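# Chain and residue survey
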Amino acid sequence: PATSHVHLFVAAAGNDGWNNDLDPVYPASYNVDNVIAVAATPFEAVLAGTARMKTLAMLTIVEGVANLALSVALAIPYGIVGVALGTMIPALLVRLVALPWLALRELGGSYGALARRAWAVPALAGAITFVLLRLGVRPTDRLDWPALLGLAAGCQAVFLAVYAAAARFAPA
């Protein structure tokens, strides 16, 4: 049967940014262990929409080969952390460098403008939130659940306030 562990199904999430748990899309939302739902990023959608499927496929293959090679190479000296790094490094290079660059080349956009508007402002807000958190909470502090929830809400409020302020002054 299709639910045996011999079969693996990879399905497009097809959720347009919505939560598939609240608004199911099938076959990606079937509640079985052997279905993997895969979402596309906007940059992948640009390449697919401009008929650059071969470029997208090659980039995916390169990412997969780099993932495997780095994971194996880093597993020996670093164990499971090396495997995680071997997965993260190619994914970041593809998602933050290659895909945006290729998509912007298709659309005639500027990578610098994208970096300033889409990444610099959230990174700044995250860094300021992290610094404030580190100043206010020591690693040895023992916090109960209400304190942790309050801390999470406070961090979210700080992040959103810094993000809103920084976004007003970021160059277009």
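I will try to describe carefully the structure that is included in this document. (Residues numbered from 1 in each chain as written. Predicted model: local features only at pLDDT ≥ 70, side-chain atom pairs only at ≥ 80, totals over all residues. Heavy atoms only, no water.)

### Focus: the packing of helix α3 (residues 80–107) against helix α4 (residues 111–136)
Between α3 and α4, whose axes approach to 10 Å, the crossing angle comes to 120°. Considering the angle they form, α3 stands oblique to α4. Crossing of α3 over α4 shows right-handed handedness. Across from Leu96, Val97, Pro100, Trp101 and Leu104 in α3, the residues of α4 making contact are Tyr111, Leu114 and Trp119. (Axes fitted to C-alpha atoms, helices over the stretch in contact; angles between N-to-C directions. Helix = DSSP H or I, 4+ residues; strand = E, 2+ residues; numbered from the N terminus. Parallel < 35°, antiparallel > 145°, perpendicular 65-115°, else oblique. Left-handed = near helix turned anticlockwise from the far one by under 90°. Contact = heavy atoms within 4.5 Å.)

### Description of helix α1 (residues 42–49)
Every buried residue of α1 is listed here: Phe43, Glu44, Val46 and Leu47. Each buried residue of α1 sits inside an arc of 155° when the element is viewed along its axis, so together they form one side. Relative to its buried face, α1 has exposed residues pointing more than 90 degrees away, namely Pro42 and Gly49. Against the buried residues of α1 lie α2 (53–78), α3 and α4. Immediately downstream of α1, the backbone of alanine 51 shows phi near 60°, a positive value. (Buried < 20%, exposed > 50% of the residue type's maximum accessible area, 1.4 Å probe, protein only. Arc of directions from axis to C-beta.)

### Digging into a nonpolar patch on the surface
Judged by side-chain polarity, Tyr78, Ile80, Val81, Val83, Leu85, Met88, Ile89, Leu92, Leu93, Leu96 and Val97 come together as a nonpolar surface patch covering roughly 960 Å² of accessible area. Its place among the elements puts methionine 88 in helix α3. When its relative accessible area of 41% is taken as the criterion, methionine 88 is described as partly exposed. (Patch = residues over 30% accessible without salt bridge, like charges linked within 9 Å, V, L, I, M, F, W, Y side chains within 5 Å. Areas by Shrake-Rupley, 256 points an atom, 1.4 Å probe, with all protein chains shown as cover. Salt bridge = Lys/Arg side-chain N within 4 Å of Asp/Glu carboxyl O.)

### Some thoughts on the environment of aspartate 144
Tracing the sequence through the fold places aspartate 144 in the loop between α4 and α5 (145–169). A polar contact of 3.1 Å, which involves the side chain of aspartate 144, links it to the backbone nitrogen of alanine 147. (Polar contact = N/O pair within 3.5 Å; in protein donor to acceptor, adjacent residues only side chain to side chain.)

### Focus: the packing of α2 against α3
Relative orientation of the contacting elements α2 and α3 amounts to 155°, with a least axis distance of 7 Å. Put simply, α2 runs roughly antiparallel to α3. The two elements α2 and α3 cross, and the hand of that crossing is right-handed. The residue makeup of the contact of α2 with α3, split by class, is 18 nonpolar, six polar and two charged. (Nonpolar A, V, L, I, M, F, W, Y, C, P; charged D, E, K, R; others polar.)

### Considering the environment of leucine 104
For leucine 104, the position within the fold is in helix α3. In this structure, the C-alpha to C-alpha distance between leucine 104 and phenylalanine 43, residues 61 residues apart in sequence, is 8.3 Å. Filtering out sequence-adjacent residues up to four positions away, leucine 104 remains in contact with Gly109, Ser110, Tyr111 and Leu114.

### Notes on the pattern of salt bridges
Scanning all chains against the criterion turns up three salt bridges. The closest approach of N and O atoms between glutamate 63 and arginine 95, which form a salt bridge, is 3.0 Å. Of this pair, glutamate 63 sits in helix α2 while arginine 95 sits in helix α3, placing them 32 residues apart in sequence. Exposure remark for arginine 95: the relative accessible area of 32% places this residue in the partly exposed category. A salt bridge links arginine 138 to aspartate 141; its shortest N-O distance comes to 3.1 Å. Overall, the relative accessible area of 25% leaves aspartate 141 in the partly exposed class.

That is the geometry; function is a separate question.
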